[in-house]
Amino acid sequence: MIRAVPGHHLVHPDHHLVRPDPGSDVTTRIEAPATGAFTIVMRDDTSYCVRTLGRAPAGCGTVSPGGSAPAVAEAYRAFQRDLRDALRTVVPRPGGLRFHLVDAHRLELAVRRRVTGGPPVSLDPLLDLAVRPLRVSRGFLLGGRRQVGLVPRPGAAPIRDQIASLPPDPAGRGYTLIEDDIATGGTVAAVIRLFQDTGRRVRHVIPGIRLGGSAHSPILGAAVDPVLHYRTAAGPDGPALELLDPRNFLLGLSGLVVRLPDGTWGRTPYWLPFVRTSARLGSPAGADREFAVLMLEANARFFARVDQLLRRTLRVADLRPDARRPLLSLGMAEPGEPVISVLRKLLTGMDSWSELIAEVEERGTDVPAGSAAR
């Protein structure tokens, strides 16, 4: 049984809708059972998806708030359903999977309500309006198994330069870090150390969601005040709780920050040939290929809907720079290619692309230009 503040969970056919109370100062505690269904928590990042597509180059049929935006939002919700179906297919759990879809807008309002201390700085890419963003991520090698530490997000300034440019803390109250979620706390701890190295102090951390442990356990002396706290005991198959962002599974929207063979950084979705899904979600390694096929098909359906709504063909050049860079640098696509054509090419050539990326991952070094599979 899931326990939470009454009224925060509405049951839908394939998920629970979690609606945080924006007017509450109290952390909502949610207990996921150690046995039975495995719980996967997702933020509903639909608005972020629509906003990102709306930033496509001018004159190319962008998403308009009063026109195509609602239809694009529905297409993205259909993609989220496809993602949940794919996870049910490839993640074997005796009790099946239970999905919690968190209302991102209400979560954001609840996070903002808690900002009462020093200057707020956001690590959360979904929350950067009226808050100074700090654009950092954990960086990985292609494949997603080997981490290389905390790096600037693709296109951002060096981390120390970003921190140095933050607004001053005239009252000496210390900075407030806003984070989308905390599991181990490693990323937040690394950021706090960087602040300390530059003579600045973080006194308050506000995560939208915290997994495991104690809800308010401090991190390097900084108080932690989450909106939602998910807790579970380990069952016979290990922890029965996972958190993921749907946008990380759609090409061009977000994804894992990876170092490319030419030394630059880009973002790739959480599926083969770019990333071993099992390395990021703890799903069975033997299911990586099957999951990638399901995701490529779901991506193709999404982009087909969007092409129809925009009345034009989205091409690689229309994707965010950090998303198109891996496709171009690995020789997977040309700027003028339709995104749907690239998805089909990745599907038919998955094994050869996966072999190439496995070689890059194994060596952790550059590969000669033009050596990509075709």
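Structure first, text after, so check above.
A brief look at the structure comes next.

About the criteria used
- Residues numbered from 1 in each chain as written.
- Predicted model: local features only at pLDDT ≥ 70, side-chain atom pairs only at ≥ 80, totals over all residues.
- Heavy atoms only, no water.
- Helix = DSSP H or I, 4+ residues; strand = E, 2+ residues; numbered from the N terminus.
- Buried < 20%, exposed > 50% of the residue type's maximum accessible area, 1.4 Å probe, protein only.
- Lys, Arg positive; Asp, Glu negative; His and termini not counted.
- Salt bridge = Lys/Arg side-chain N within 4 Å of Asp/Glu carboxyl O.
- Contact = heavy atoms within 4.5 Å.
- Pairing = 2+ DSSP bridges.
- Axes fitted to C-alpha atoms, helices over the stretch in contact; angles between N-to-C directions.
- Phe/Tyr/Trp six-rings, centres within 6.5 Å; stacked < 30°, edge-to-face > 60°.
- Lys NZ or Arg CZ within 6 Å of the ring centre and 35° of its normal.

**A few points about the side chain of R153**
The residue R153 is located in the loop between β9 (147–152) and α4 (159–164) in this model. An unpaired buried charge is present at R153: no salt bridge exists, and E179, the closest side chain of opposite charge, is 6.0 Å distant. Beyond its immediate sequence surroundings of up to four residues, R153 is in contact with L123, D124, P125, L134, R135, V136, S137 and R267.

**Observations concerning unusual backbone geometry**
Here the bond from L272 into P273 is cis, since omega is 10°, no more than 30 degrees from zero. Among the structural elements, P273 can be located in the loop between β16 (265–268) and α6 (277–281). Phi angles above zero are rare outside glycine, and L220 is one such case at about 50°. In this structure, L220 sits in the loop between β11 (202–211) and β12 (223–224). Residue L220 is classed as partly exposed on the basis of its relative accessible area, which comes to 40%.

**Some thoughts on the pattern of salt bridges**
Working definition: two side chains of opposite charge can pair if their charged atoms are close together. With the rule as written, the count across this model stands at 20 salt bridges. One salt bridge in this structure joins D45 and R247, with 3.4 Å as the shortest N-O distance. Remark: R247 occurs in the loop between β14 (241–244) and β15 (256–259) and D45 occurs in the loop between β4 (38–44) and α1 (46–53); sequence separation between them is 202 residues. One salt bridge in this structure joins R301 and D82, with 3.2 Å as the shortest N-O distance. Pair noted here: R301 is in helix α7 (residues 288–310) and D82 is in helix α2 (residues 69–90), with a separation of 219 residues, a long-range link. Note on D82: relative accessible area 18%, which makes it buried. Through salt bridges that share partners, R43, D124 and D180 make up one connected network.

**Some details on the pairing of strand β3 (residues 28–31)**
Each regular strand displays side chains that alternate between the two surfaces of the sheet. With burial as the criterion, only one face of β3 is covered, namely that bearing T28 and I30; the residues R29 and E31 on the opposite face remain uncovered. Looking at chain direction, β3 and strand β13 (residues 228–231) are connected through 4 bridges and run parallel. Paired with R29 across the bridge in β13 is H229.

**A look at the sheet that holds strand β8 (residues 136–141)**
The strand order across the open sheet built from 4 strands is β9-β8-β15-β16, with neighbouring strands paired in mixed fashion. Looking at which strands have only one partner, the edges of the open sheet turn out to be β9 and β16. Adjacent strand axes in the sheet meet at a mean angle of 45°, parallel and antiparallel pairs treated alike. Pairing of β8 with β9, which is carried by 5 bridges, proceeds in the antiparallel orientation. Its bridge partner being in β9, G139 is matched across the sheet by G149. On top of the sheet, helix α5 (residues 186–197) reaches β8 and β9; it is set at about 55° to β9, its chief contact.

**A short note on the environment of V90**
Relative to the assigned elements, V90 resides in helix α2. Taking the C-alpha atoms as reference points, V90 and F291, separated by 201 residues in sequence, lie 6.4 Å from one another. Every residue in contact with V90, bar those within four places of it in the chain, is listed here: P284, A287, E290, F291 and L294.

**Regarding the packing of aromatic side chains**
Under the definition given, this model contains 8 aromatic pairs. Ring geometry for F302 versus F303: centroids 5.3 Å apart, planes at 85°, classification edge-to-face. With a relative accessible area of 1%, F302 lands in the buried category. For F303, a relative accessible area of 2% gives the class buried. Positioned above the aromatic ring of Y48, the side-chain terminus of R247 is 5.4 Å from the ring centre.

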